[in-house]
Amino acid sequence: MQKKWKIFTSVYEIQKLYLPPEANEKPKRKHRTDMSCRFCGGVMPQVSFRSDPHVISKLFEMNYGISDFECDICNNYFSAEESHMAHFLGLKRPLDSIGQDKVPSFVSPGKVLTAKMFEVFPGQKAIEISDLQQQNFKFDPLSGKTDILCCHSKNSSRGI
Ligand SMILES: [Zn+2]
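Cut-offs applied
- Residues numbered from 1 in each chain as written.
- Predicted model: local features only at pLDDT ≥ 70, side-chain atom pairs only at ≥ 80, totals over all residues.
- Helix = DSSP H or I, 4+ residues; strand = E, 2+ residues; numbered from the N terminus.
- Expected span 1.5 Å × (residues − 1).
- Bend = angle between axes of the 7 residues up to and from the residue.
- Core = buried A, V, L, I, M, F, W, Y, C linked by C-beta atoms within 7 Å.
- Buried ≥ 20, exposed ≤ 12 C-beta atoms within 10 Å, placed from the backbone.
- Contact = placed C-beta atoms within 7 Å.
- Pairing = 2+ DSSP bridges.

> Hey, could you run me through helix α2 (residues 72-89) in this one?
Owing to its 3.6 residues per turn, the α-helix brings residues three or four apart onto one side. For α2, built from 18 residues, the straight-helix expectation of 26 Å at 1.5 Å per residue is met to within 8% by its first-to-last C-alpha distance of 25 Å. Maximal helix bending in α2 amounts to about 25°, located at F78. Note on α2: the residue one or two positions beyond its end, G90, has a positive phi of about 55°.

> Hey, could you run me through the nonpolar core in this one?
The nonpolar side chains of a soluble globular protein tend to be buried with one another. Core analysis: the biggest nonpolar cluster contains 5 residues, these being M35, C37, F49, C71 and C74. Sequence-distant contacts of C37, that is, excluding residues within four places in its chain, are made with G42, V47, F69, E70, C71 and C74.

> Whenever I open this one, the pairing of strand β4 (residues 137-140) confuses me. Can you help?
Bridging between β4 and strand β5 (residues 145-148) involves 4 bridges; their strand directions are antiparallel. Note on β5: the bridge partner recorded for F137 is I148. In textbook terms, the turn of a hairpin is the stretch between consecutive antiparallel strands, and for β4 and β5 this stretch comprises 4 residues, one of which, G144, has a positive phi near 80°.

> How should I be thinking about the sheet that holds strand β2 (residues 113-121) in this particular structure?
Hydrogen bonds between backbone atoms are what pair the strands of a sheet, whose relative direction is either parallel or antiparallel. Spatially, 3 strands are ordered β1-β2-β3 in an open sheet, and the strand pairing comes out antiparallel. What marks the edges here is a single partner per strand, and that holds for β1 (106-107) and β3 (124-131). Both β1 and β2 contribute to a ladder of 2 bridges, which runs antiparallel. Its bridge partner being in β2, V107 is matched across the sheet by T114.

Quick look at the structure:
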């Protein structure tokens, strides 16, 4: 991870604020033959530029800040960190999306804890949370109260 961070910050300047373009001001991308990767320096046809590498990960909400300077290989190399971030955020993303049209699914390492949206009735959606170990939630049928308990896995230093 530290190696990736050094590579990443050697070509990206850390900014305090980045405002990605809105959908209606979606920037036009360079033609693929004019792109060169800022990490490996690759150009077509040695590397490809088919993916849409987001400047701000879509984990943090859909945005239109797309990089013109990351080849598919380098984008995939760094996208592995996004999976770690998704595990770190856990159920926060699906639970924060309640009431929205799209709810991101969540699958914990080992598939012990999952969350996904489903349609209860036409037009009525809910989030189904599956807890295979039954250690992450405590439901009190008398009070109707559900406690979300903190859990740790070897791949996550934070709970759900
Ligand atoms: Zn590259």
